[in-house]
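Now for the letters of each chain:
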Amino acid sequence: MLRMTQEDGDLDSLVRKRIRALRVAQGWSLEELAVRARLSQSTLSRIENGQRRLALDSLVTLARALDTTLDQLVETAADDVVTSPVIDGAHGLMRWPVKGDPGMTVVRQRMTEPPPDNPARMRAHPGREWLVVLSGTAILLLGHRRLRIETNQAAEFPTMMPHAIGAEGGPCEILGIFDRDARRGHQRDSGGGGAGGDGDPQGSDDH
């Protein structure tokens, strides 16, 4: 039996709530999950309601039925839930690493310059990027295309396609998510100092 100590009381409650939340998210009744986990409906009900001890074998089968893992099912809440950004004032950006996926980085940047006129200043590298315009209007140069991205619109694209981004008609602010390859590509391209006037969050900063 997997017995929780007094200190683990919060975890015990969290696991039970997590099981119920995952079941509800799937749109399953108690009966449906019980069938999938090969448990009786009354047993599952008592597990969710705290009337039955959490047995390791039951948790394993429930995790499998809920399409998760035992580790994720009993994962404790992280202490460092709230984090502050790394601020790069020179390039007008903030950067947050994603702890759950060390390969991902979130970047917020304010841009004032239009994208570059010279295609040679567009960048291409392995990876994928996603960005949303928080305010203003951004122009994304992607290969031979010129795309306007308005406030609250998003763009997602493979970065092996030459690309650059800048502002149109005044400052704009974007929030971007970069995978490991995209981040490394921009770090190499910018050489730590940025590309200056192209206004590219993948270029004018150094992420």
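About the cut-offs
- Residues numbered from 1 in each chain as written.
- Predicted model: local features only at pLDDT ≥ 70, side-chain atom pairs only at ≥ 80, totals over all residues.
- Heavy atoms only, no water.
- Helix = DSSP H or I, 4+ residues; strand = E, 2+ residues; numbered from the N terminus.
- Buried < 20%, exposed > 50% of the residue type's maximum accessible area, 1.4 Å probe, protein only.
- Contact = heavy atoms within 4.5 Å.
- Areas by Shrake-Rupley, 256 points an atom, 1.4 Å probe, with all protein chains shown as cover.
- Salt bridge = Lys/Arg side-chain N within 4 Å of Asp/Glu carboxyl O.
- Pairing = 2+ DSSP bridges.
- Axes fitted to C-alpha atoms, helices over the stretch in contact; angles between N-to-C directions.
- Core = buried A, V, L, I, M, F, W, Y, C linked by side-chain atoms within 4.5 Å.
- Arc of directions from axis to C-beta.

A. Local environment of the overall build of the protein chain. Along the protein chain, the regular secondary structure elements total 6 helices and 9 strands. Taken across its 207 residues, the protein chain has 38% of its residues classed as buried. Considering only residue pairs separated by 6 or more positions, the protein chain has 65% of its internal contacts joining residues 24 or more positions apart. Roughly 11700 Å² of accessible area belongs to the protein chain as shown, and the carbon and sulfur atoms make up 49% of that amount.

B. Quick peek at the pattern of salt bridges. Applying the stated criterion across every chain yields a total of 5 salt bridges. With a closest N to O distance of 2.7 Å, R23 and E48 form a salt bridge. Here E48 lies in helix α3 (residues 41-49) and R23 lies in helix α1 (residues 9-25), a separation of 25 residues in the sequence. Judged by its relative accessible area of 12%, E48 falls in the buried class. Salt-bridge contacts for R148 lead to E168; the nearest nitrogen and oxygen are separated by 2.7 Å. Of the two residues, R148 is situated in strand β6 (residues 145-149) and E168 in the loop between β8 (163-167) and β9 (172-178); the sequence distance between them amounts to 20 residues.

C. How the structure looks around the side chain of T68. The residue T68 is located in the loop between α4 (56-65) and α5 (70-73) in this model. Other than its neighbours up to four places away in sequence, T68 contacts L22, A63 and L73.

D. Region of the structure containing the sheet that holds strand β3 (residues 105-111). If you walk across this open sheet you meet the 6 strands as β1-β2-β3-β9-β4-β7, and the pairing is antiparallel. The sheet terminates laterally at β1 (86-88) and β7 (154-158), the two strands that pair on one side only. In this sheet, adjacent strand axes meet at a mean angle of 20° when their direction is disregarded. Bridging between β3 and β9 involves 7 bridges; their strand directions are antiparallel. Residue pairing in the sheet places R108 in a bridge with L175 of β9.

E. Inspection of the environment of L54 at higher detail. Inspection of the secondary structure puts L54 in the loop between α3 and α4. Taking the C-alpha atoms as reference, L54 lies 8.9 Å from V15; in sequence the two are 39 residues apart.

F. Quick peek at the nonpolar core. Membership of the largest hydrophobic core comes to 17 residues, with the highest contact counts inside it found for V15, I19, L33 and L62. Where this core is concerned, the elements lending two or more residues are α1, α2 (30-37), α3 and α4. Here this core gets 4 residues from one element, more than from any other, and that element is α4. In contact with L62, other than residues within four places in its own chain, are I19, L33, A37, L39, L44 and I47.

G. Here's a closer look at α4. Among all positions of α4, only S58, L59, L62, A63 and A65 are buried. One side of α4 holds all its buried residues, which, seen down the axis, span an arc of 160°. Exposed side chains of α4 directed beyond 90 degrees from the buried face belong to D57 and R64. Of the residues flanking the end of α4, it is D67, one or two places downstream, whose phi is positive at about 60°.

H. Summary view of the sheet that holds β8. Taken in spatial order, the 3 strands line up as β6-β5-β8 in an open sheet, and their pairing is antiparallel. Edge positions in the open sheet fall to β6 and β8, since each of these has one partner strand only. Between one strand and the next, the sheet's axes are offset by a mean angle of 20°, whatever the strand orientation. Alignment of strand β5 (residues 138-142) against β8, held across 5 bridges, turns out to be antiparallel.

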